[in-house]
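So you can see what is in the structure, the chains are spelled out below.
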Amino acid sequence: MAEIACSIGPVRVGDREPLLLIAGPCVAESQDLVLRLAERIAAVCGSQGFSFVFKASYDKANRSSLDSFRGPGLAEGLRILRRVKDEIGVAVCTDVHETFQVKAVGEVVDLIQIPAFLCRQTDLLLEAGRTGKPVNIKKGQFMSPAEMVPAVAKVRSTGNENVLVTERGTFFGYNALVNDFRSLSLMRDTGCPVVYDATHSVQRPGALGGASGGESRFVPALARAAVAFGVDGLFVEVHTDPPAALSDGPNMVALSALETMLQELRRVRKAVEGYER
């Protein structure tokens, strides 16, 4: 079987590569918070042997309520992410919601992310692919793993082969998500490295009425299961104070708990090395 791998700036992810962690706050709440998180997460990843890509959104266009905080906007958000690259020296990622945003985003970030709700939007996928930057497509909560094959094909039709796919749970009735871990294996049929989003998988969409809830206590166990299943990377939203976060606080991991979680994941990865995925 051909090797499954791709490059994200200086980071290599896939077969025979270190586990990748895509992590950061849901949204760029402030420059100070973003820089502090990026510096600390990078240090923890380095100490535990993980590759690292920092992620923060400049605009959360799919918030439950019109009154919810969305972010600093495109120009300010990209300025902050550029400072992360320049000052912390790590690869950066953000998500795009509109085709007109893609060119500017591609000039700054190392990894462009397609939100789960938009993973079938042909024009958005094509525009992201044309930047030449790696593209992380999150699987829609309404889709089967097999349906990610044509989504990936849209990006690759532009000549861009650097694509990742991310599992983030499947709708189970109202306000709930479940994980079918077979998806982590089935999505390798796309020929892409597979990432598991451990924090959005515990989300309770719309459960708080004007916002989504979450059950962050399940994040470490689900992440361990995903690593045992053979994922290439993990997506984890991290905050210094999750209850005070302006978006997705109920499903976030506290910065103070991250190192212990990565230590556990490193031990799981070592224990399953050599097993067939």
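Residues numbered from 1 in each chain as written. Predicted model: local features only at pLDDT ≥ 70, side-chain atom pairs only at ≥ 80, totals over all residues. Heavy atoms only, no water.

What the chain contains, in helices and strands, is eight helices and 15 strands. Computed over its C-alpha atoms, the radius of gyration of the chain comes to 17 Å, within 12% of the 19 Å expected for a compact globule of 277 residues. Each of the three principal axes of the chain carries a C-alpha extent, and together these read 45 × 45 × 40 Å. Taken across its 277 residues, the chain has 53% of its residues classed as buried. Sequence separation of 24 or more characterises 68% of the internal contacts of the chain that already satisfy a separation of 6 or more. Across the chain, the centroid of the 31 positively charged side chains sits 2 Å from that of the 32 negatively charged ones. (Helix = DSSP H or I, 4+ residues; strand = E, 2+ residues; numbered from the N terminus. Rg over C-alpha atoms; globule rule 2.2 N^0.38 Å. Buried < 20%, exposed > 50% of the residue type's maximum accessible area, 1.4 Å probe, protein only. Contact = heavy atoms within 4.5 Å. Lys, Arg positive; Asp, Glu negative; His and termini not counted. Charge placed at Lys NZ, Arg CZ, Asp CG, Glu CD.)

Owing to its 3.6 residues per turn, the α-helix brings residues three or four apart onto one side. Looking only at helix H3 (residues 99-106), the buried set comprises Gln-101, Val-102, Val-105 and Gly-106. The buried side chains of H3 occupy one side of the element, clustering within an arc of 125 degrees when seen end-on. Within H3, the exposed residues directed more than 90 degrees away from the buried face are Phe-100 and Lys-103. Buried residues belonging to H3 abut helix H2 (74-88), strand E5 (91-95), strand E6 (111-114) and helix H4 (122-130). (Arc of directions from axis to C-beta.)

Before going further, it helps to examine a nonpolar patch on the surface. A contiguous nonpolar surface patch, about 290 Å² in accessible area, is contributed by Phe-117, Phe-142 and Phe-171. With respect to the secondary-structure elements, Phe-171 resides in strand E9 (residues 170-171). Using a relative accessible area of 35% as the deciding quantity, one classes Phe-171 as partly exposed. (Patch = residues over 30% accessible without salt bridge, like charges linked within 9 Å, V, L, I, M, F, W, Y side chains within 5 Å. Areas by Shrake-Rupley, 256 points an atom, 1.4 Å probe, with all protein chains shown as cover. Salt bridge = Lys/Arg side-chain N within 4 Å of Asp/Glu carboxyl O.)

With that out of the way, let us pick up the pairing of strand E7 (residues 135-138). Side chains Val-135 and Ile-137 of E7 all project onto a buried face; the interleaved residues Asn-136 and Lys-138 project onto the opposite face, where all are buried too. When E7 meets strand E8 (residues 163-167), the two strands line up parallel, connected through four bridges. Counterpart to Val-135 in the pairing with E8 is Val-163. Crossover handedness for the path E7 to helix H5 (residues 148-156) to E8: right-handed. (Pairing = 2+ DSSP bridges. Right-handed = clockwise from strand over helix to strand, strands pointing away.)

For the structure shown, the criterion picks out 17 salt bridges. The closest approach of N and O atoms between Glu-264 and Arg-224, which form a salt bridge, is 3.1 Å. One end of the pair, Glu-264, is in helix H8 (residues 255-272); the other, Arg-224, is in helix H7 (residues 219-229), with 40 residues separating them in the sequence. Taking the relative accessible area as the measure of exposure, Glu-264 reaches 23% and is therefore partly exposed. Bridged by salt links that share partners, the residues Glu-3, Arg-12 and Arg-16 form one connected network.

The next thing to look at is empty space enclosed by the protein. Throughout the structure, instances matching the rule amount to one cavity of 30 Å³ or more. Along the walls of the largest cavity sit Leu-184, Ser-185, Arg-188, Val-194, Phe-229, Gly-230, Val-231, Asp-232 and Arg-277, which together make up its complete lining. Residue composition of the lining of the largest cavity, grouped by class: four nonpolar, two polar and three charged. (1 Å grid on protein atoms, 1.4 Å probe; cavity = no way out; pocket = protein on both sides within 12 Å on 5 of 7 lines; lining within 4 Å. Points joined across faces, edges and corners; volume = space filled by probe spheres on them. Nonpolar A, V, L, I, M, F, W, Y, C, P; charged D, E, K, R; others polar.)

A separate point is the nonpolar core. By size, the foremost hydrophobic cluster in this structure holds 67 residues, and its most contacted members are Leu-21, Ile-41, Phe-54, Ile-114, Ile-137 and Leu-234. Considering every element that reaches this core, the biggest residue donor is helix H1 (residues 31-48), with eight residues. Setting aside its immediate chain neighbours within four residues, Leu-234 contacts Leu-20, Leu-21, Ile-22, Val-195, Tyr-196, Ala-223, Ala-226, Val-227 and Leu-265. Counting residues in hydrophobic clusters, the runner-up holds 13 residues, among them Val-53, Cys-93, Leu-164 and Phe-235. (Core = buried A, V, L, I, M, F, W, Y, C linked by side-chain atoms within 4.5 Å.)

Okay, unusual backbone geometry next. Peptide bonds are trans in most cases, and residues, glycine excluded, mostly fall at negative phi. Non-glycine residue Arg-16 carries a positive phi angle of around 60 degrees. Note that Arg-16 resides in the loop between strand E2 (11-14) and strand E3 (20-24). On the basis of relative accessibility, which here comes to 71%, the residue Arg-16 falls in the exposed class. Positive phi outside glycine occurs at Asn-175, with the angle close to 60 degrees.

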